Each structure stands twice: as C-alpha cells, then as structure tokens.
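# Survey of secondary and tertiary structure
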Amino acid sequence: MIYQNPLTVLVEIEPDRLQSLRSLLQLIANDVESNKCIPFLQLKSIHFARFVIIEASQVNGKPTPAWLSFSSNFDGDLDDHLTELISKAGNGFDEVYAHCKNYPGKNEWVGFIKSHMLPPPNAFYIGHRGLTVEVIRYQNEVRQEIQSFLNTHPQENFEPEVIKKNIIGHLESKGFKRSPPGIHLGSLTPILVTVAIVTLVLIFLLRMNFLWLLAIVVTILIIVYIILRFKENSDEQIEVDYNQDLDKKIVTLQKAEDFNVQNQLTHLVNIKPGAFRLFILRAVLWAINLLAKTLFNKGKLGNIPTIHFARWVAIDNNSRLLFFSNFDGSWESYLGDFIDKAAVGLTGVWSNTELFPKTKNLVFDGATDEERFKYWTRVHQIPTQVWYSAYKSLSVVNILNNNEIHQGLFKPMSKQETIIWLKKL
C-alpha cells in the first residue's frame, strides 16, 4: 500500500551566494522537466515539487535570514524518496545546496536534508488520495487508448455490455494490465483514531464528576470567546491601496501563471503575535487536517474540487505561516472558490494572521470581503522560483474520472451501470 506524503525543507542561504542561487534556479525552471541539473521528470515518486526563495526580512522586529525552501508531494517512504532524489539528481541537488549555510557536501546530503526538514505540516490536504504518480499516468493512458479505440471503431450499433467487452478486448490486445499497483482510496485509520480519542474522553468524563468538568469546559470556552471577540474588534485589517511596486509584483506573478491546466500558489504571512492567536491557529489547522483525512478525502476540500495538494506550515518559531497549493484553473477562479465555497474554513485559518480582512466569531466575514481578501492574498503571495508537476495537463476531476473508468473496466455491471460507466469516457 503506497501513501502520499509531504516534504518541506528550509535551509538558510549564504548571503553572498543568493544571486548565484537565483540564477541556478532560473536555469532549472527554464526546462523543469529535463534540465541537466535536476531533471524532475526522472523523479518518479514526485507529484509536485517547488523551490522557493524566502527573502530576508524583519519578523516581529527580529531579522530573519533568506531561506531556501524545497517541498515535494511524493509517494511512499521518506527514505526511498530521498534516495531517489540523490541517486537520480544528486549532482543537481548538491549544486543547489552548495549555496546554503553549513552544507557539508553531496556525501552527507540526505542527513543534511533530514536535519533541516520541518515537522509534518500543520494541515495537509490530498485531492486524489492513494493514487500514485504511476497509477495516475497509467490510468490516463488507459483512457486515451479507449478514446482512440472508440474514435477508430464506432460502437453506435452495439449494446452497452458489448461495447464494454470490445473495449476490454482492445485494451488486453494492447497489453494493458487489469490493475496497476498501489491503488488505495482513503484510510480508516484517522477515523478510528478520532473515534478512539472521543471514546476515551467520554469514558474519562463519565468516571469523573461530569457536571463539574462540563462547567469548567464551558467557562473556558466563554472566556476564549470573549478574548477572541475583543481581539477581532481591535485587530487591524488591510486597506486596499494598489501602488507601482505591488502592480509590478503582480505582473511578475502573473507571468508564471496559466501555462497549463494547473497553477500554484506560495503564500507567506506573519501570524498575529501572542500565544492566544497561535493556540487558536493550531486548533483550527488541527481540525482541518483531521477533516482532510476523514471527511474531505474524496476529491473536494470543503466544496472546492480543484486542489491537488495543499499544506500550511508554521515557520520561523511559529511567527509566520507558509501556504503551498497546487490547483486547477486560474488564480482568479481559485480565489473565487475560496470565497464562495470554503470561506469559513479559510477565514478560520488566516484570521489569525496579520492584516487579514475583519472577521467575526473566528470563521465569518474575512474571506467574504472579496476585494480586501484578493488584495491581501496578492500582497502576501511570493514568487515560486521552480515548480514541477508530474501530470500538468490533468485536473483533479480528470484524475478521479480516469480512476473510475479504470476501476469499472473489469467490475461486473448491470446494463444501467454500464451505460453510466460509458458516459464517463
């Protein structure tokens, strides 16, 4: 059974090598699939990957250095993933990390990466859970072969069952296998863990004086709510004020958008200072992470059907929140989905970061203030120097549809079920 996992690595860049690193990453980005440094197309375990330079800045009055962030969404175990990176593109990764502080050299690359690896994301979402890169590509080939067969062998005069039989016969004649390896849709583990935790809490409460504990919990929640409302009323929000610098930045960001079906977003914003906001943020991200594994594991985050992978990671001693997303469609449509379909959850997260549009009761308003929300997002969006997708022409909907086609190929069906299956082609 193969699972998808996230890797996030953050390493300080040597200040006098920043420009050289920028130039090297540009060379990689110019031909991200087949460049001589890191030919990402040869790295079979990677769904998406990116290099991002996080510029040096002041955070809460303290200077932070320039960071190099490398992140990937990969299949299988971490050790296997790192072994693949160093075995197939070791010289390239060595050349990149030679620009970073305290880099010990290629022979110790794996240990260096592990020592700079961030803990698992505070929240991690997978749009096509359990489908490996190999499976996604294979199922796309199956669908393309079926379409080619139907285009050259019209089936209008056949019954649905016969059409399906003809399709299977054609695929088998072409050597397609009945089932590719590594298919696993969803996992009961997070659900079982949740049920176990809830059960233990209930048992604990029943053994204790339930009413006293309930009174304490309710009192704490009321205090938290009062503090939250007080802070929401006094928090500053961003004011829309486009200027030449921001316009120039937006033009730069837009130059890297809309080349394929998919796009990416890298976003970095300061977390509001203080333990209270950090506690609330961690609680919200914990809840989203749990929901992403248990409820939103069928291709939609909330009601958004366009996200392949997304993660929130707190960096710089929990002073900044980094967000990586790989999604379908344009930036405008993606932000529109945020506003129309997932404003509650996203407001719950980003309301704990600086200058977010005014919120009410943690999850209301905020992202629904469309003009401010889009402006705030652009202000805190940062360029992605290198971005790779293993299946850049496929949307989440395409991938899940291909999976249903392939899963249904050899599954016994009634006539009505076969008609429905054929409509997916």
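Structure shown above.
Reference entry: report on the structure contained in this document. (Residues numbered from 1 in each chain as written. Predicted model: local features only at pLDDT ≥ 70, side-chain atom pairs only at ≥ 80, totals over all residues. Heavy atoms only, no water.)

### Observations concerning the overall build of the protein
Applied cut-off: Runs of E in the DSSP output that reach at least two residues are strands. Runs of H or I that reach at least four are helices, and both are numbered from the N terminus. For the radius of gyration, the atom set is restricted to C-alpha positions; the globular benchmark scales as 2.2 Å times the number of residues to the power 0.38. Only protein chains enter the accessibility calculation, which uses a 1.4 Å probe. A residue is then buried if its area is under 20% of the maximum for its type, exposed if over 50%, and partly exposed in between. Whether two residues touch is decided by their heavy atoms; if any such pair falls within 4.5 Å, the residues are in contact. For every accessible area listed, the method is Shrake-Rupley and the probe measures 1.4 Å; residues are considered covered only by the protein chains on display. For the purpose of charge, His is not counted, nor are the chain termini; Lys and Arg are scored as positive and Asp and Glu as negative. Charge placement uses NZ in Lys and CZ in Arg. For Asp and Glu, CG and CD serve respectively.
When its secondary structure is counted, the protein shows 14 helices and 12 strands. At 24 Å, the protein has a C-alpha radius of gyration in line with the 22 Å of a compact globule built from 425 residues. In terms of its C-alpha atoms, the protein occupies a principal-axis envelope of roughly 70 × 60 × 45 Å. Counting all 425 residues of the protein, 49% fall into the buried class. Of the contacts made within the protein by residues no fewer than 6 positions apart, 78% connect residues no fewer than 24 positions apart. When the accessible surface of the protein is split by element, carbon and sulfur atoms take 58% of a total near 21,200 Å². Each charge sign in the protein was given a centre, from 43 positive and 42 negative side chains, and these centres are 4 Å apart.

### A short note on the sheet that holds strand 7 (residues 262-270)
Quick note on the threshold: A strand pair is defined by DSSP finding two or more bridges across the two strands. In this analysis, axes come from line fits to C-alpha atoms, helices being fitted only over the stretch in contact, and the angle between any two N-to-C directions falls in the range 0 to 180 degrees.
Pairing within the open sheet is antiparallel, and its 4 strands lie in the order 6-8-9-7. Two strands in the sheet have a free side with no partner beyond their single neighbour: strand 6 (123-126) and strand 7. Geometrically, the sheet is characterised by an average inter-axis angle of 10° between neighbouring strands, direction not taken into account. Pairing geometry for strand 7 and strand 9 (residues 320-328), over 9 bridges, is antiparallel. Considered in strand 9, the bridge of Gln264 is made with Asn326.

### Overview of the sheet that holds strand 12 (residues 386-389)
In any sheet, the strands associate via hydrogen bonds between backbone groups, in a parallel or an antiparallel arrangement. Pairing is antiparallel in the open sheet, where 4 strands are placed in the order 1-5-2-12. Looking at the sheet topology across the chains shown, the edges are occupied by strand 1 (4-12) and strand 12. Along the sheet, successive strands turn relative to each other by an average axial angle of 10°, direction set aside. By the bridge criterion, 9 bridges tie strand 1 to strand 5 (residues 67-75) in an arrangement that is antiparallel. Along strand 5, the bridge assignment pairs Glu12 with Trp67. The strands touched by helix 1 (residues 18-30) within the sheet are strand 2 (46-54), strand 5 and strand 12, with strand 2 carrying the most contacts at an inclination of about 150°. Against the sheet, helix 2 (residues 78-97) contacts strand 1, strand 2 and strand 5, and its axis sits at roughly 145° relative to strand 5.

### A short note on the pattern of salt bridges
In plain terms, the rule: What makes a salt bridge here is a side-chain nitrogen of Lys or Arg within 4 Å of a carboxyl oxygen of Asp or Glu, nothing more.
One pass over the structure, following the stated rule, counts 17 salt bridges. Note that Asp79 is salt-bridged to Lys114, the shortest N-O span being 2.6 Å. Of the two residues, Asp79 is situated in helix 2 and Lys114 in helix 3 (residues 109-115); the sequence distance between them amounts to 35 residues. For Lys114, a relative accessible area of 37% gives the class partly exposed. A salt bridge links Lys272 to Asp235, with the nearest nitrogen and oxygen atoms 2.8 Å apart. Of the two residues, Lys272 is situated in the loop between strand 7 and helix 9 (275-294) and Asp235 in the loop between helix 7 (210-234) and helix 8 (244-255); the sequence distance between them amounts to 37 residues. Via salt bridges that share partners, Asp235, Lys272 and Arg277 belong to a single interconnected network.

### Thoughts on the state of the cysteines
Put plainly, a disulfide is one covalent bond tying together the sulfur atoms of two cysteines. Convention followed: Note on terminology: disulfide denotes any pair of cysteine sulfur atoms within 2.5 Å.
Scanning the entire structure with this criterion turns up 0 disulfides. Unpaired in this structure, Cys37 has its nearest cysteine sulfur neighbour in Cys100, at a distance of 13 Å. Exposure remark for Cys100: the relative accessible area of 3% places this residue in the buried category.

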